[in-house]
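Notes for the structure review
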Amino acid sequence: MTCGDVAELLDAFVDAELPAPTLLAVARHAGACPACDGALREVSSLHETIERATLADAEALDLSGVWPAVARGIDRIDGRRAWLRRVRPTPVWGVGLAAAAAAVFWLLAGPEPTRIAAQRRPNNAVIDRLASDGGRFQIRSDRKSGTTAIVVTPVGYEAAP
Amino acid sequence: MRHVPPPVVLGIAAGALSVLAACALSQALEVQITSVHAAEHGGSDAELVALRPRLRRLVGYRSFRIVHRESRPCRWQIGEAFEIPGGRLLRVVPKTMRDQAVVMQVKLLDGERALIDTDVRLQNRGVMLFSVDQDSRVADGALVIMLKAED
């Protein structure tokens, strides 16, 4: 193991990424070589400094508003999918039955009837009140012409002269 | 103020009254009353040939003859009495026009008595019948009164 080999393996040694024999060989070389030992200590110090700085930054982060915001987002999505949750329990046969009922209703209803404005017959008469003083009356209606007749039969009194 | 001669004033007043009367009459309802004698035997008036099947269905006789006819403008809310053969009166009071129907009160009076007293709504230009059956005033048959109202 030479100083050049250690220089190339320096970062991997500090990160403990080297296999054990190589890691041991680098450590033996640095123990005997003050220059390589200094370089190792410098890199290790640099790593520790970076780690501390990163930890300090991570601890300084305010994450208190993150989870409430996430929870609100989940609620919104749940609201949008609520109808799906209601539909899902409906069995397939229920949907089929509803479709069949709609089809039967549509068939029985038939085509929409043509709307014709109701026209009164030319002789249409509506009797709102009818009384007779001394007569027996009948109301007759002729279906064909729509004519109405009030027929009175005088009874029980002497007709005026 | 200028002095207007009395004849001119009278002329203007007469003219105004004439115009008012003409306006009143133009807003009147035309009521036509036709009295028909219905009997079991005999012929029918040619004028009633078209109406005969309808009269037969409604009144039930075979012979129909017009005995009296009168047509008169009737003002709204004002009663008009029509003489009917046999000494009776048909009193018509047009009330208003509603949905193309003439709303009116009709009374068939026999002296003090109202043989018929009715409130009807008759289609404008329509005809309805009033019949006095087995009428003692008629030797045989019935008296049929046809009422037509036209605005």
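Presented here is an overview of the structure given in this document. (Residues numbered from 1 in each chain as written. Chains lettered and ligands numbered in written order. Predicted model: local features only at pLDDT ≥ 70, side-chain atom pairs only at ≥ 80, totals over all residues.)

**Some details on the packing of helix H2 (residues 20-32) of chain A against helix H3 (residues 34-60) of chain A**
All names here are of chain A.
- Where H2 meets H3, the closest approach of the two axes is 5 Å, and the angle between their N-to-C directions is 115 degrees. For the pair H2 and H3, the crossing hand works out as left-handed. On H3, the residues that touch His29, Ala30 and Gly31 of H2 are Cys36, Asp37 and Leu40.
- Class assignment for the residues of the contact of H2 with H3 results in three nonpolar, two polar and one charged. (Axes fitted to C-alpha atoms, helices over the stretch in contact; angles between N-to-C directions. Helix = DSSP H or I, 4+ residues; strand = E, 2+ residues; numbered from the N terminus. Left-handed = near helix turned anticlockwise from the far one by under 90°. Contact = placed C-beta atoms within 7 Å. Nonpolar A, V, L, I, M, F, W, Y, C, P; charged D, E, K, R; others polar.)

**A look at helix H4 (residues 66-80) of chain A**
- For H4(A), built from 15 residues, the straight-helix expectation of 21 Å at 1.5 Å per residue is met to within 8% by its first-to-last C-alpha distance of 22 Å.
- Little of H4(A) is tucked away: zero of the 15 residues are buried. (Expected span 1.5 Å × (residues − 1). Buried ≥ 20, exposed ≤ 12 C-beta atoms within 10 Å, placed from the backbone.)

**Section: the nonpolar core**
- Judged by nonpolar contacts, the single largest core of 42 residues is most densely connected at Val144(B), Ile145(B) and Leu147(B).
- At seven residues, the largest contribution of residues to this core is made by strand E8 (residues 142-150) of chain B.
- Ignoring anything within four residues of it in the chain, the contact list for Leu147(B) reads Val31(B), Ile33(B), Val106(B), Val127(B), Met128(B) and Phe130(B).
- Judged by nonpolar contacts, the second largest core, of six residues, contains Val6(A), Ala30(A), Cys36(A) and Leu40(A). (Core = buried A, V, L, I, M, F, W, Y, C linked by C-beta atoms within 7 Å.)

**Some words on helix H1 (residues 3-14) of chain A**
- The end-to-end C-alpha distance of H1(A) is 16 Å, a good match for the 16 Å that 12 residues give at a rise of 1.5 Å each.
- Two residues or fewer past H1(A), Ala16(A) is found with a positive phi of approximately 60 degrees.

**As for the sheet that holds strand E1 (residues 125-131) of chain A**
- Within the open sheet, the five strands sit side by side as E1(A)-E6(B)-E5(B)-E4(B)-E3(B). Their pairing is antiparallel. The two strands at the open ends of the sheet, each matched to only one other strand, are E1 of chain A together with strand E3 (80-84) of chain B. Each strand axis lies, on average, 20 degrees off the axis of its neighbour in the sheet, ignoring direction.
- Sheet topology places strand E4 (residues 88-98) of chain B next to strand E5 (residues 101-110) of chain B; nine bridges connect them, and they run antiparallel. In the sheet register, Leu90(B) faces E5(B), and the bridge partner there is Leu108(B). (Pairing = 2+ DSSP bridges.)

**Comments concerning unusual backbone geometry**
Residue and element names in this part refer to chain B.
- Even without a glycine there, the phi angle at glutamine 77 is positive, about 70 degrees.
- By secondary structure assignment, the location of glutamine 77 is in the loop between strand E2 (63-74) and E3.
- Phi angles above zero are rare outside glycine, and aspartate 99 is one such case at about 50 degrees.
- Along the chain, aspartate 99 falls in the loop between E4 and E5.

Distances and angles like these do not, on their own, reveal function.
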